[in-house]
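Fold and geometry: a report
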Amino acid sequence: MQVAVVTFDGFNELDSFIANGLINRARKQGVTAYITTPTPVVTSMNGVEVTGQRPLDFITEADVVLLGSGIKTRDVVADDTLLARLPLDPARQLIGSQCSGALVLAHLGLLTGRPACTDTISRPWVEECGITVLDAPFHAEGAIATAGGCLASVYLAAWTLLHTAGEATAWDVIEYAAPVGEKQKVVQRVMSTVRTTEPALR
């Protein structure tokens, strides 16, 4: 199973790196995540330059596509050429967004008729698209999930692992990463959140 962590210029490091790092702990179970970028090098909102592991065209072969957020997401959705390079297909892919990534899903028509989660800054932009924004960190219906708040990326990663590598692997990965002394509490909260959503259409 291949996961494209779509990372645009101006990206939020927490969104891309947390999801990428957690998912790649399931490599032995056959799940691998790749930082996927529209240009060879992208620069984060804090000036960190990253070389993409896969070009944007990779999303056509990925089993899972996660859209990260950043300070230039409104530039992304205003670029019709760039949006045309995102032929996401919920009939055969799991699709998730982090924070302002929901704005991209909205402009692609993938959130029509369903609520979504996003961060507080992006909320009014997503609502302008006619999407109901939930006061929650994570929501999934079928093959599409949205997360709001940088640290909610752990939910997006856990949801991805749950529906690719299985519940036991998702549990182990989150437990390993959770703070010492809080592991049981954290993993139970994360897994109960992603399990209570509608099952992915896989």
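Reference entry: report on the structure contained in this document.

Thresholds applied
- Residues numbered from 1 in each chain as written.
- Predicted model: local features only at pLDDT ≥ 70, side-chain atom pairs only at ≥ 80, totals over all residues.
- Heavy atoms only, no water.
- Buried < 20%, exposed > 50% of the residue type's maximum accessible area, 1.4 Å probe, protein only.
- Helix = DSSP H or I, 4+ residues; strand = E, 2+ residues; numbered from the N terminus.
- Right-handed = clockwise from strand over helix to strand, strands pointing away.
- Phe/Tyr/Trp six-rings, centres within 6.5 Å; stacked < 30°, edge-to-face > 60°.
- Lys NZ or Arg CZ within 6 Å of the ring centre and 35° of its normal.
- Salt bridge = Lys/Arg side-chain N within 4 Å of Asp/Glu carboxyl O.

1. Considerations on the pairing of strand E1 (residues 2–6)
Regular strands place their side chains on alternate faces of the sheet. Counting buried residues in E1 gives four out of five residues, a clear majority hidden from the surface. Tracing the backbone out of E1, into helix H1 (residues 13–23) and back to the parallel element strand E2 (residues 32–37) gives a crossover that is right-handed.

2. Here's the deal with the packing of aromatic side chains
We describe a pair of aromatic rings using the distance from one ring centre to the other and the angle between the two ring planes. Taken as a whole and assessed by the stated rule, the structure comprises four aromatic pairs. With 5.7 Å between their ring centres and 70 degrees between their planes, Phe11 and Phe17 make a pair best called edge-to-face. Phe17 sits in the partly exposed class, given a relative accessible area of 35%. The interplanar angle of 80 degrees and the centroid separation of 5.5 Å between the aromatic rings of Tyr34 and Phe58 together place this pair among those described as edge-to-face. Taken as a pair, Tyr34 in strand E2 and Phe58 in the loop between strand E5 (54–55) and strand E6 (64–67) lie far apart in primary sequence, 24 residues in all. Looking at Tyr34, the relative accessible area reads 16%, which means it is buried. Of note, Arg54 hangs over the ring of Tyr34, and the distance from its end group to the ring centre comes to 3.9 Å.

3. What to know about the environment of Lys28
With respect to the helices and strands, the residue Lys28 is situated in the loop between H1 and E2. A residue is classified by how much of its surface remains accessible, and Lys28, at 85% relative accessible area, is exposed. Lys28 sits 137 residues away from Ala165 along the chain, and the two C-alpha atoms are 9.5 Å apart.

4. A closer look at the pattern of salt bridges
Close approach of charged atoms allows side chains with opposite charge to pair. Considering all chains together, one arrives at four salt bridges under this definition. One salt bridge in this structure joins Arg123 and Glu127, with 3.0 Å as the shortest N-O distance. Highlighted residues: Arg123 and Glu127, both in helix H5 (residues 123–127), separated by four residues, approximately one helical turn. What makes Arg123 partly exposed here is its relative accessible area of 31%. Of the charged contacts in the structure, one is a salt bridge between Arg195 and Glu167, with a shortest N-O distance of 2.6 Å. With Arg195 in helix H8 (residues 183–195) and Glu167 in helix H7 (residues 167–177), this residue pair connects regions lying 28 residues apart in the sequence.

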